[in-house]
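Architecture and fold: a report
Each chain is listed here by its residues.
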Amino acid sequence: MSLTAGIVGLPNVGKSTLFNAITKKNILAANYPFATIDPNVGVVVVPDERLDYLNDLYKPKSLVPTTFEFTDIAGLVKGASNGEGLGNKFLSHIREVDAICEVVRCFENGDIIHVENDVDPIRDIEIIEVELILADLEVVENRFNKIGKKASLSKDKEVQKEAAILTKLKETLEQNIPIRRIELTDEEKLYIKPFNLLTSKPIIYVTNVSEDDLLMGDNKYIEVVKEYAKKDNAEVVTICAKVESDLCDMSKEEKNTFLSELGVSESGIDTLIKASYTLLGLKTFFTAGEDECRAWTFKNGMKAPQCAGIIHTDFERGFIKAEIMSYEDLKAQGSEKAVKEAGRMRLEGKEYIMQDGDICYFRFNV
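Residues numbered from 1 in each chain as written. Predicted model: local features only at pLDDT ≥ 70, side-chain atom pairs only at ≥ 80, totals over all residues. Heavy atoms only, no water.

1. As for the overall build of the protein
Helix and strand counts for the protein stand at 15 helices and 12 strands. Relative to its 366 residues, the protein shows a buried fraction of 48%. Summarising the internal contacts of the protein: among those between residues at least 6 apart in sequence, 69% fall at separations of at least 24. For the protein, the computed accessible surface area is about 18,400 Å², with 48% contributed by carbon and sulfur atoms. (Helix = DSSP H or I, 4+ residues; strand = E, 2+ residues; numbered from the N terminus. Buried < 20%, exposed > 50% of the residue type's maximum accessible area, 1.4 Å probe, protein only. Contact = heavy atoms within 4.5 Å. Areas by Shrake-Rupley, 256 points an atom, 1.4 Å probe, with all protein chains shown as cover.)

The following block contains the structure:
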């Protein structure tokens with residue numbers, strides 16, 4: 001699936017350090033604004049212990065995990081919607097992503113300049129929120145100005161319907177409310193999709209803390225961000241970008257030991273990848289055998305033929321049936337043969353809605 005999450009935030013909040021760690025690439029990370037001018041896209045492996053189990057069970061010649069894209073977008077500043085700090089360019093990059101991971105600075109460090117001169121996570125969040133709202137308002141007003149008069153004079157129901165939706169969006173944005181916080185009908189969602197409104201995108205807040213705060217589990221800013229995030233029904237993931245950067249250079253054993261000393265079961269990056277994957281409604285099915293065990297990404301709600309088409313278009317075109325067992329059944333029974341003997345292997349047709357963790361063999365004829 002070609003969905004991607006954009007990492008955004010004010011300058012010097014730790015975005016590029018985090019992105020470097022996520023992708024293990026050496027993207028420019030400097031302690032001054034605009035170190036990153038063009039967005040950088042990194043492909044990351046989605047951690048999944050189920051694939052590890054399949055690898056141990058089948059011992060395949062090839063093991064292929066599923067992947068996910070993150071885009072590092074240069075720091076926004078106050079006035080971005082008016083072009084400040086190369087803002088228009090940055091806003092256009094945000095339009096191209098499907099979800100937003102907003103990094104919020106929750107650490108004190110006199111050596112790293114804050115663009116607003118002090119640490120205040122809610123102020124920082126609101127600066128970005130206002131800029132995105134203003135950018136969306138411009139899009140909505142431009143469209144409304146084109147059809148508003150026509151809607152008032154015309155008896156065309158479609159034009160009137162469009163004007164009503166635009167009015168709803170305009171009134172929402174004028175109250176400094178992001179579009180994602182209001183209820184929209186399926187028809188309204190379909191209508192606004194081509195506008196690619198920034199504030200309609202789902203969001204995760206990433207609180208970047210110091211190494212000491214991560215170790216002590218005590219940071220006064222995190223709870224404040226969590227309370228704010230409730231407005232968006234959004235998840236908050238806490239990371240220390242510096243620690244994540246250090247983890248990249250460690251072996252698997254060293255990494256596990258270090259995380260154990262910190263008192264956490266997985267890295268902040270793994271948590272963020274999983275949270276972003278879930279935020280976009282993405283799930284995983286598997287194909288498994290002696291030649292290859294592979295994880296495949298699909299969108300929640302997709303039917304079996306569509307998922308077969310992710311592997312190859314011929315599979316969807318000539319779809320007959322899907323032979324499916326769940327990961328849970330395989331793990332419980334211990335082998336594919338045992339799953340069959342227990343009557344837990346099943347044949348599903350064209351209307352079957354694929355479930356997360358399904359292990360599939362597609363029957364097709366072209």
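Let's pick the thread back up.
2. Structural notes on the pairing of strand 6 (residues 203-208)
Taken across its 6 residues, strand 6 has 6 buried, putting it largely inside the fold. What you see with strand 6 is no split at all: Ile203, Tyr205 and Thr207 on one side and Ile204, Val206 and Asn208 on the other are buried throughout. Across 6 bridges, the pairing between strand 5 (residues 99-105) and strand 6 is parallel. Paired with Arg105 across the two strands is Asn208, which belongs to strand 6. (Pairing = 2+ DSSP bridges.)

3. Some details on the pattern of salt bridges
Applying the stated criterion across every chain, the model contains 23 salt bridges. A salt bridge links Lys61 to Asp291; the shortest N-O distance between them is 3.4 Å. On the criterion of sequence distance, the pair formed by Lys61 in the loop between helix 2 (49-58) and strand 3 (62-64) and Asp291 in the loop between strand 8 (282-288) and strand 9 (292-299) is long-range, its members being 230 residues apart. Taking the relative accessible area as the measure of exposure, Lys61 reaches 73% and is therefore exposed. The partner of Glu227 in a salt bridge is Lys230, and the shortest N-O contact between them spans 3.1 Å. (Salt bridge = Lys/Arg side-chain N within 4 Å of Asp/Glu carboxyl O.)

4. Some words on the sheet that holds strand 4 (residues 67-72)
Whether parallel or antiparallel, the strands of a sheet pair through hydrogen bonds between backbone atoms. Within the open sheet, the 6 strands sit side by side as 2-4-1-5-6-7. Their pairing is mixed. Looking at which strands have only one partner, the edges of the open sheet turn out to be strand 2 (40-45) and strand 7 (236-239). Taking the axes of each pair of neighbouring strands and ignoring which way they run, one obtains an average angle of 25° across the sheet. Pairing geometry for strand 1 (residues 4-8) and strand 5, over 4 bridges, is parallel. Its bridge partner being in strand 5, Ala5 is matched across the sheet by Ala99. Across the face of the sheet, helix 8 (residues 220-229) comes into contact with strand 5, strand 6 and strand 7 while running at roughly 175° to strand 6. Across the sheet, helix 11 (residues 268-279) lies against strand 1, strand 2, strand 4, strand 5, strand 6 and strand 7, angled at about 160° from strand 7, the strand it touches most. (Axes fitted to C-alpha atoms, helices over the stretch in contact; angles between N-to-C directions.)

5. Looking at the environment of Asn208
Locating Asn208 in the fold gives a position in strand 6. Exposure remark for Asn208: the relative accessible area of 3% places this residue in the buried category. Along the sequence, Asn208 and Val104 sit 104 residues apart, while their C-alpha atoms lie 6.0 Å from each other. The contacts of Asn208, once residues within four sequence positions are left out, are Val13, Gly14, Val103, Val104, Arg105, Cys106, Phe107, Ile239, Cys240 and Ala241. A polar side-chain atom of Asn208 sits 2.8 Å from the main-chain carbonyl oxygen of Val13. (Polar contact = N/O pair within 3.5 Å; in protein donor to acceptor, adjacent residues only side chain to side chain.)

6. Things to note about the side chain of Asp136
With respect to the element layout, Asp136 can be found in helix 4 (residues 121-153). The exposure class of Asp136 is buried, given its relative accessible area of 0%.

7. With respect to the nonpolar core
Counting residues in each nonpolar core, the largest one holds 60 residues, and the members touching the most others are Leu18, Phe68, Phe70, Ile94, Tyr205 and Leu272. At 6 residues, the largest contribution of residues to this core is made by helix 4. Grouped together as the second largest cluster of nonpolar side chains are 15 residues, Leu169, Leu184, Tyr191 and Phe195 included. (Core = buried A, V, L, I, M, F, W, Y, C linked by side-chain atoms within 4.5 Å.)

8. With respect to helix 11
With 12 residues, helix 11 extends 16 Å from end C-alpha to end C-alpha; this agrees with the ideal 16 Å at 1.5 Å per step. Every buried residue belonging to helix 11 is among Gly268, Ile269, Asp270, Leu272, Ile273, Ala275, Ser276 and Tyr277, and all of these are buried. (Expected span 1.5 Å × (residues − 1).)

9. Some points on unusual backbone geometry
Even without being glycine, Asn12 reaches a positive phi, approximately 65°. Locating Asn12 in the fold gives a position in the loop between strand 1 and helix 1 (15-23). Judged by relative accessible area, which is 11%, Asn12 ranks as buried. The backbone phi angle of Lys59 is positive, close to 45°, even though this residue is not glycine.

10. Let's talk about the pairing of strand 5
Burial of strand 5 is extensive: 7 of the 7 residues sit out of reach of the surface. Both faces of strand 5 are covered, namely the face carrying Ala99, Cys101, Val103 and Arg105 and the face carrying Ile100, Glu102 and Val104.

Shape is all these values report; function is a separate question.
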